[in-house]
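So you can see what is in the structure, the chains are spelled out below.
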Amino acid sequence: MARLIGFRTAGDAADGLLFGWDITTLQNGVLVYLGVSSLAFVVVWVVGYLRSR
């Protein structure tokens, strides 16, 4: 019988985190990273648009 790899909740994955990280800290860090990278993408796009005009 094949064993399925999956989690029902984020808490299920918390036991397997590296360096003893907390799941809420990891989720907050990911949200901050995605926000900053999205903002950087928009800034680069706007600057490129303005320079091409």
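Residues numbered from 1 in each chain as written. Predicted model: local features only at pLDDT ≥ 70, side-chain atom pairs only at ≥ 80, totals over all residues. Heavy atoms only, no water.

Here's the deal with the overall build of the protein
Check the secondary structure of the protein and you find two helices and zero strands. Looking at the 53 residues of the protein, the share that counts as buried comes to 2%. Summing over all exposed atoms, the protein offers an accessible surface of approximately 5300 Å²; the carbon and sulfur share of this is 67%. (Helix = DSSP H or I, 4+ residues; strand = E, 2+ residues; numbered from the N terminus. Buried < 20%, exposed > 50% of the residue type's maximum accessible area, 1.4 Å probe, protein only. Areas by Shrake-Rupley, 256 points an atom, 1.4 Å probe, with all protein chains shown as cover.)

Here we look at the packing of aromatic side chains
With the rule as written, the count across this model stands at one aromatic pair. Aromatic side chains Trp 45 and Tyr 49 sit 6.0 Å apart centroid to centroid with 10 degrees between the ring planes, which places their arrangement in the stacked category. With a gap of four residues between them, Trp 45 and Tyr 49 both fall in helix α2 (residues 23-52), about one helical turn apart. Take Trp 45: its relative accessible area is 54%, and that puts it in the exposed class. Look at Tyr 49 and you get partly exposed, because its relative accessible area is 43%. (Phe/Tyr/Trp six-rings, centres within 6.5 Å; stacked < 30°, edge-to-face > 60°.)

As for a nonpolar patch on the surface
Judged by side-chain polarity, Phe 41, Val 42, Trp 45, Val 46, Tyr 49 and Leu 50 come together as a nonpolar surface patch covering roughly 650 Å² of accessible area. Tracing the sequence through the fold places Val 42 in helix α2. (Patch = residues over 30% accessible without salt bridge, like charges linked within 9 Å, V, L, I, M, F, W, Y side chains within 5 Å. Salt bridge = Lys/Arg side-chain N within 4 Å of Asp/Glu carboxyl O.)

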